[in-house]
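Chain residues, written in single-letter form:
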Amino acid sequence: MKKKILIIEDDKIIRKELQLLLDNQGYDVKAMEKLSDVKKEIQFFNPHLVILDIKLPEKDGHEICSEIRGFSKVPIIFVTSKNTIMDELHSIMLGGDDFITKPYNIPVLLARVNSLIRRAYLDEEEVIEYHGIKLFVERNLVSYNNETVELSRTEFRILLIIMKNPERIVTRTELIEDLWQNRAYIDDNALSVNVTRIREKLGRIGVKDFIHTKYKQGYCI
C-alpha cells in the first residue's frame with residue numbers, strides 16, 4: 001500500500017515541485033491549496049505524513065501543527081526558510097517530528113521522509129513470507145534465519161511478484177510489464193541480470209535454489 005503524504009505549502013512552485021518529487025518516489029501525494037480546514041482534509045485523506053511550511057498566509061505553521069496534534073499523531077516535517085535554533089526547538093516542542101530548511105537538499109529531504117515513515121509505521125509493515133523467507137515490503141529487505149539483506153528497488157519488485165505467486169510460473173513478460181509500469185525501465189537482458197543479483201543476495205543469507213528458472217517461460221518458487 002502506498003504511503004500518503006499531505007503537503008501544506010502556500011508557494012505554488014514549491015508545492016508542485018514537492019508533489020512531483022514525492023509522487024515519483026511512489027508516494028500517494030496531495031497538496032493543499034486552501035488552508036481553511038486542515039482538520040477536515042487530514043481526516044478525509046488520512047495521510048501517513050504531513051509536510052508543513054511554517055510561514056503561511058492564513059495561519060502560522062506552528063498554529064496548524066498545534067491544531068493537528070489536538071486530534072492526530074500523524075508525523076509532521078516542518079519545511080521552512082527560517083533557520084534558527086529557536087525555530088527548530090519551537091517546532092519540535094509543538095509536536096513536529098522533524099525540521100528541514102529551504103532551499104532543501106532533495107536527497108536529505110527524501111531520506112528524512114522515508115526514515116520518519118519507516119519509524120512511525122514499522123508495526124504496520126507488510127511482510128510476505130514463504131518457507132521461512134520474509135520480504136519486508138516497506139523497506140526492500142529480505143531475511144532468513146535472522147540474517148537480512150537489502151535489495152534494490154528493481155530487485156525487490158521482481159522478488160515481490162514472484163513471492164506473491166508461489167508455485168506458479170511468473171512469466172518474463174509479466175515481470176517486464178510490471179517493472180515498466182513502476183518506472184523501472186528494464187529489458188529482457190536486464191531482467192536476467194537482476195534475477196542473478198537476487199540469487200546472489202539470497203545466497204548471502206543462506207538461501208539456496210529458491211528461484212527456479214523455467215526455460216523460455218519465466219521463474220517460480
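Residues numbered from 1 in each chain as written. Predicted model: local features only at pLDDT ≥ 70, side-chain atom pairs only at ≥ 80, totals over all residues. Heavy atoms only, no water.

1. As for the nonpolar core
So the rule is basically this: What makes a nonpolar core is a set of buried Ala, Val, Leu, Ile, Met, Phe, Trp, Tyr and Cys residues whose side-chain atoms join them at distances within 4.5 Å. Only protein chains enter the calculation, and the probe is 1.4 Å; a residue is then buried if its accessible area is under 20% of its type maximum, exposed if over 50%, and partly exposed in between. Note on conventions: DSSP H or I runs of at least 4 residues are helices, E runs of at least 2 residues are strands, and numbering of each starts at the N terminus. Should any heavy atoms of two residues lie within 4.5 Å, those residues are counted as being in contact.
Counting 39 residues, the largest nonpolar core has Ile8, Leu22, Leu52 and Val113 as its most contacted members. Here the element with the most residues in this core is helix H5 (residues 106-120); it accounts for 5 residues. Here Leu22 is in contact with Ile5, Ile7, Tyr27, Val29, Ile51, Leu110 and Val113, once residues within four sequence places are set aside. With 31 residues, the next largest nonpolar core counts Leu159, Ile162, Ala184 and Ile205 among its residues.

2. Some details on the packing of aromatic side chains
Test applied: Think of it this way: a Phe, Tyr or Trp ring, Trp meaning its six-membered ring, pairs with another when their centres are within 6.5 Å, and the plane angle makes it stacked under 30 degrees, edge-to-face over 60, tilted otherwise. For a lysine, the NZ atom is tested; for an arginine, the CZ atom; a charge sits over a ring if that atom is within 6 Å of the ring centre and within 35 degrees of the ring normal.
A complete count under the given rule lists 1 aromatic pair for this structure. With a centroid separation of 6.2 Å and 50° between ring planes, the pair formed by Tyr130 and Phe210 is classed as tilted. Note that Tyr130 is positioned in strand S6 (residues 127-130) and Phe210 in the loop between helix H8 (188-204) and strand S11 (212-214), a separation of 80 residues in sequence. The two residues Tyr130 and Phe210 agree in class, both being buried. Against the face of Phe45 rests Lys4, its NZ or CZ located 5.3 Å from the ring centre.

3. Section: the side chain of Glu155
As a reminder of what qualifies: Polar contact is defined as a pair of N or O atoms within 3.5 Å, subject to the rule that within protein one atom must be able to donate a hydrogen and the other to accept it, and that residues adjacent in sequence are counted only when both atoms are side-chain atoms.
Following the sequence through the fold, Glu155 ends up in helix H6 (residues 153-163). Side-chain polar atoms of Glu155 contact the backbone nitrogen of Ser152, separated by 2.9 Å. In this structure Glu155 touches Asn194, Arg197, Ile198 and Lys201, once residues within four positions along its chain are discounted.

4. Let's talk about the pattern of salt bridges
A side chain with one charge may pair with a side chain of the opposite charge, provided their charged atoms come close. In plain terms, the rule: Only one rule defines a salt bridge in this text: a Lys or Arg side-chain nitrogen within 4 Å of an Asp or Glu carboxyl oxygen.
Under the counting rule described, the total for this entry stands at 9 salt bridges. Close ionic contact of Arg69 with Asp97 constitutes a salt bridge, the shortest N to O distance being 3.0 Å. Of the two residues, Arg69 is situated in helix H3 (residues 61-69) and Asp97 in the loop between helix H4 (85-93) and strand S5 (98-101); the sequence distance between them amounts to 28 residues. Overall, Arg69 belongs to the partly exposed group, its relative accessible area being 25%. Asp98 is paired through a salt bridge with Arg112; the nearest N and O atoms lie 3.5 Å apart. Of this pair, Asp98 sits in strand S5 while Arg112 is found in helix H5, placing the two residues 14 residues apart along the sequence. The exposure class assigned to Asp98 is buried, which follows from its relative accessible area of 19%.

5. A short note on the pairing of strand S7 (residues 133-136)
Convention followed: Any two strands are treated as partners once DSSP identifies two or more bridges connecting them.
Two elements, S6 and S7, share 4 bridges in a ladder whose sense is antiparallel. Counterpart to Val127 in the pairing with S7 is Phe136. If you look at the hairpin formed by S6 and S7, you'll find 2 residues sitting between the two strands, and His131 has a positive phi there, around 55°. With 3 bridges joining them, S7 and strand S8 (residues 141-144) adopt antiparallel strand pairing. Bridging from a neighbouring strand, Leu135 pairs with Val142 of S8. Counted between consecutive antiparallel strands, the loop separating S7 from S8 contains 4 residues, among which Asn140 sits at a positive phi close to 55°.

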